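Residue-level listing of the chains:
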Amino acid sequence: MSLPTSPTRFRLASGAGYTMHCDFFNAWPVAEMERRVRDCIRPIIKCGVSGTP
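Each value, and the rule that gives it
- Residues numbered from 1 in each chain as written.
- Predicted model: local features only at pLDDT ≥ 70, side-chain atom pairs only at ≥ 80, totals over all residues.
- Heavy atoms only, no water.
- Disulfide = S-S within 2.5 Å.
- Buried < 20%, exposed > 50% of the residue type's maximum accessible area, 1.4 Å probe, protein only.
- Helix = DSSP H or I, 4+ residues; strand = E, 2+ residues; numbered from the N terminus.
- Polar contact = N/O pair within 3.5 Å; in protein donor to acceptor, adjacent residues only side chain to side chain.
- Contact = heavy atoms within 4.5 Å.

Draft legend 1. Focus on the state of the cysteines. This structure, assessed with the given rule, holds 1 disulfide. The disulfide bridge from Cys-40 ends at Cys-47, spanning 1.8 Å between sulfur atoms. Here the disulfide of Cys-40 and Cys-47 is left-handed, its torsion about the S-S bond being about -105°. Note on Cys-40: relative accessible area 8%, which makes it buried.

Laid out in structure tokens, this is it:
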């Protein structure tokens, strides 16, 4: 099976390519998300998987 060479020929279950979208479900505990935003995102610090710098 090969893909169409032109993106205008892509067909999705939802219709043409312009119908493409993404769904997001947030499952983080509220307190943990708030801590990571406060400690990592707002000060623009790269944190590890534990959420600490």
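Draft legend 2. Representation of unusual backbone geometry. Positive phi, normally seen in glycine, also occurs at Ile-44, with a value near 55°. Tracing the backbone through its elements, the reader meets Ile-44 in the segment after α1 (30-41).

Draft legend 3. Spotlight on the side chain of Arg-36. Here Arg-36 shows up in helix α1. Of the polar contacts made by the side chain of Arg-36, one reaches the backbone oxygen of Ser-50; its length is 3.4 Å. Ignoring any residue separated from it by four or fewer positions in sequence, one finds Arg-36 in contact with Trp-28, Ile-41, Gly-48, Val-49, Ser-50 and Gly-51.

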